[in-house]
Amino acid sequence: MSADTTTSDDGPVPALRERAVACADRLRAADRVLLASHIDADGLTSAAIAAAALERAGIPFETVFAKQLDEREVARIAATDHETVLFTDFGSGQLDVIAPYAGEGAFTPVIADHHQPADLPDGVDEPAHHLNPLLFGLDGASELSGAGASYVLARALESPEGDNRDLAGLAVVGAVGDMQGTDGGLSGANQGIVEEGVAAGVVEEATDLLVYGRQTRPLPKFLEYATNVRIPGITNDENGAIEFLSDLDLDLKEGGEWRRWVDLTMDERQALVSGLLQRAIASGVPADRIDALVGTTYTLTREEPGTELRDVSEFSTLLNATARYERADVGLAVCLGDREGALDRARTLLRNHRRNLSEGLQWVQNEGTTVEDNVQWFDAGSRIRETIVGIVAGMAVGASGVRGDIPILAFAEKSDEEVKVSARGSHALVRDGLDLSAVMREASRSVGGDGGGHDVAAGATIPTGTREAFVAEADRLVGEQLE
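For clarity, every value in this text was computed on a predicted model and none was experimentally measured. (Residues numbered from 1 in each chain as written. Predicted model: local features only at pLDDT ≥ 70, side-chain atom pairs only at ≥ 80, totals over all residues. Heavy atoms only, no water.)

Helices and strands together make up the secondary structure of the protein, namely 18 helices and 15 strands. Whereas a compact globule of 483 residues would reach a radius of gyration of roughly 23 Å, the protein reaches 22 Å, a difference of no more than 12%. Across its three principal directions, the C-alpha atoms of the protein cover 70 × 60 × 40 Å. Entry remark: accessible area of the protein is about 20,100 Å², with carbon and sulfur atoms responsible for 45%. Both charge centroids of the protein, one from 42 positive and one from 81 negative side chains, sit 4 Å from each other. (Helix = DSSP H or I, 4+ residues; strand = E, 2+ residues; numbered from the N terminus. Rg over C-alpha atoms; globule rule 2.2 N^0.38 Å. Areas by Shrake-Rupley, 256 points an atom, 1.4 Å probe, with all protein chains shown as cover. Lys, Arg positive; Asp, Glu negative; His and termini not counted. Charge placed at Lys NZ, Arg CZ, Asp CG, Glu CD.)

Turning our eyes to something else, we now look at the packing of helix H2 (residues 41-56) against helix H6 (residues 168-177). It is the contact of H2 with H6, at a shortest axis distance of 8 Å, that shows an interaxial angle of 160 degrees. By the angle class used here, H2 and H6 are roughly antiparallel. Taken as a pair, H2 and H6 cross one another with a handedness that is left-handed. From H2, Ala 41, Asp 42, Thr 45, Ala 48 and Ile 49 reach across to H6, where they touch Leu 170, Ala 171, Val 173, Gly 174, Ala 175 and Gly 177. Class assignment of the residues belonging to the contact of H2 with H6 gives a composition of 7 nonpolar, 3 polar and 1 charged. (Axes fitted to C-alpha atoms, helices over the stretch in contact; angles between N-to-C directions. Parallel < 35°, antiparallel > 145°, perpendicular 65-115°, else oblique. Left-handed = near helix turned anticlockwise from the far one by under 90°. Contact = heavy atoms within 4.5 Å. Nonpolar A, V, L, I, M, F, W, Y, C, P; charged D, E, K, R; others polar.)

On domain assignment, one finds that the protein holds domain 1 (14-198), domain 2 (210-294) and domain 3 (368-482). Taking the mean C-alpha position of each, domain 2 and domain 3 sit 34 Å from one another. (Domains from an automatic or database assignment.)

It is worth spelling out the environment of Arg 217 at this point. By secondary structure assignment, the location of Arg 217 is in the loop between strand E6 (203-209) and helix H8 (219-224). The class of Arg 217 is buried, set by a relative accessible area of 17%. What Arg 217 contacts, discounting residues up to four positions off in sequence, is Tyr 212, Phe 222, Tyr 225, Arg 259, Arg 260, Trp 261 and Arg 354. (Buried < 20%, exposed > 50% of the residue type's maximum accessible area, 1.4 Å probe, protein only.)

A word on helix H13 (residues 328-335). For H13, the tally of buried residues reaches 6 of 8 residues, placing the bulk of the element in the interior. Looking only at H13, the buried set comprises Ala 328, Val 330, Gly 331, Leu 332, Val 334 and Cys 335. On the buried face of H13, the contacting elements are H2, strand E2 (61-65), H6, helix H12 (312-323) and helix H14 (341-367). Immediately downstream of H13, the backbone of Gly 337 shows phi near 110 degrees, a positive value.

Moving on, we come to the nonpolar core. Looking at soluble globular proteins, one finds that nonpolar side chains tend to be buried together. Core analysis: the biggest nonpolar cluster contains 85 residues, and Leu 27, Leu 86, Phe 315, Phe 378 and Ile 384 have the highest contact counts within it. Examining the composition of this core, we find that 10 residues originate from one element, H2, more than from any other. Looking at this core, you find at least three residues from each of domain 1 (14-198) and domain 3 (368-482). Setting aside its immediate chain neighbours within four residues, Phe 315 contacts Leu 170, Val 173, Leu 300, Glu 308, Leu 309, Val 334 and Cys 335. The next biggest cluster of nonpolar side chains, apart from the first, holds 23 residues, and it includes Leu 219, Trp 261, Leu 272 and Ala 280. (Core = buried A, V, L, I, M, F, W, Y, C linked by side-chain atoms within 4.5 Å.)

Take the sheet that holds strand E13 (residues 418-424) next. Pairing within the open sheet is mixed, and its 6 strands lie in the order E10-E11-E12-E13-E15-E14. What marks the edges here is a single partner per strand, and that holds for strand E10 (370-371) and strand E14 (450-453). The sheet contact formed by E13 and strand E15 (residues 457-463) spans 7 bridges and is antiparallel. Bridge assignment links Val 421 to a residue of E15, and that residue is Ala 460. The strands that helix H18 (residues 467-482) touches are strand E11 (376-379), strand E12 (408-413), E13 and E15; relative to E12, the one it contacts most, it runs at about 160 degrees. (Pairing = 2+ DSSP bridges.)

For Ala 460, the position within the fold is in strand E15. Along the sequence, Ala 460 and Leu 349 sit 111 residues apart, while their C-alpha atoms lie 25 Å from each other. Setting aside residues no more than four positions away along its own chain, Ala 460 makes contact with Val 419, Lys 420, Val 421, Met 440, Ser 444, Asp 450 and Gly 451.

Each aromatic ring pair is characterised by the separation of its centres together with the angle its planes make. Taken as a whole and assessed by the stated rule, the structure comprises 7 aromatic pairs. For the ring pair Phe 87 and Phe 107, a centre distance of 6.1 Å and an interplane angle of 55 degrees mean the geometry is tilted. Residue Phe 87 is found in strand E3 (residues 84-88), and its partner Phe 107 is found in the loop between helix H4 (95-103) and strand E4 (108-112); the two are separated by 20 residues along the sequence. You'll find Phe 87 and Phe 107 in the same group, each marked buried. On the numbers, 5.9 Å between centres and 90 degrees between planes, the contact of Phe 411 with Phe 470 is edge-to-face. With Phe 411 in strand E12 and Phe 470 in helix H18, the pair connects residues that are 59 residues apart, well separated along the chain. For Phe 470, a relative accessible area of 0% corresponds to the buried category. An aromatic cluster is present here, built from Phe 87, Phe 90, Tyr 101 and Phe 107 joined pairwise through their rings. (Phe/Tyr/Trp six-rings, centres within 6.5 Å; stacked < 30°, edge-to-face > 60°.)

Moving on to the UniProt feature "domain: DHHA1" (unreviewed entry) in the protein. When the UniProt feature table is mapped onto this chain numbering, "domain: DHHA1" (unreviewed entry) sits at residues 389-479. In residues 389-479, helix accounts for 40% and strand for 26%; the two terminal C-alpha atoms are 24 Å from one another. (UniProt positions renumbered as here; feature names shortened; annotations may be inferred.)

Let us look at the side chain of Ser 316. Looking at the element boundaries, Ser 316 is found in helix H12. Using a relative accessible area of 6% as the deciding quantity, one classes Ser 316 as buried. Sequence-distant contacts of Ser 316, defined by excluding residues within four places in its chain, comprise Ala 41, Val 173 and Gly 177.

Take a look at the structure:
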């Protein structure tokens, strides 16, 4: 990395630069910092970006992770006696919990987040060091992720070691892991981070087939599991995928083993895509869905080709397989460069994660959902882990037996006293007025719980035994938003 620092530019998101500099100055003034972050892919990359920037700036810190930042978790953080706490990928939605501690002088919060800020009680001031795109007219659900907010902060926290542009790759992983690239690639403030990553030589932006597993999956599995665009006779059909590939005039095996997408030449890729498009058209796949087969992809150029870390989508899935199974330390170590022990453990966790997702999706498809006037829901109990039930819900929307035109609520047992709720919608519904963040917050609080998130995806924790009342309130709120 260059030893130069960049102090004259406005950073990747100019609107946030002044606030980011103020947050960075507060961190530099701290004797030590407690870094607290969420556990999904966006949270892990947010923490890794912040950790790298703090270390390079010579600021002592410790790191903790939490599934949910509730009153008990904030109380535990306050009890650590750290004078400064940096919250990444959460904190905004818990301002009403954090602010009283700040007002009493328990700690000074610095927040780098992108979730909907909570309303503060009368007489309670908003924390001064609050970096969130929503405060500056940018959409936190589609234009900047938690990792993006951490990256903006890291760029302001530049040091003699450099300006932290090399951390842009992790910010792209976080954004894609947070489903911000679903409409044809990253956009808005995220695009400024992509451009810095490209300039720093850590990110490659290209137009390619939008199918998961470009780096690692053998071609038949690559096509069989390509569920973003369902092609009859290929999608979810192992024999059909093999037959399709065998009928192409291409040598797609090497040493008797199927090659991967990454192994193909450009001419071979074009021939395969042409064959897919012809099959899709012949099968009656709508034109707009066919267009979705190809789009913007992101590659981390410093990672080994053919590995999960080379492609940002596969990297984000690997991270989800760590912290969601109580191994945030493994995911953080991978983000920070451990390519030996931590990566091996992450791959083992990933195999388990994929199996759990597959079994969870199969269970939902077999059981179906209960459909109300405005929402649909399923209660997995203990059959699906509460840390992955939201991922399963997102996978289920539009799948066999599950409607795609209304939001879905997913319930899973969190403890004897609490139930986790995850909600997923669509960008089309959001354009019509859906805001699941508000729905989760208001519906959960009506039954003694709490929640929040984004307009298109949100979550909550509610007391056991309140599901029926929660569903009724959520159904009413969604109906009001979409009327």
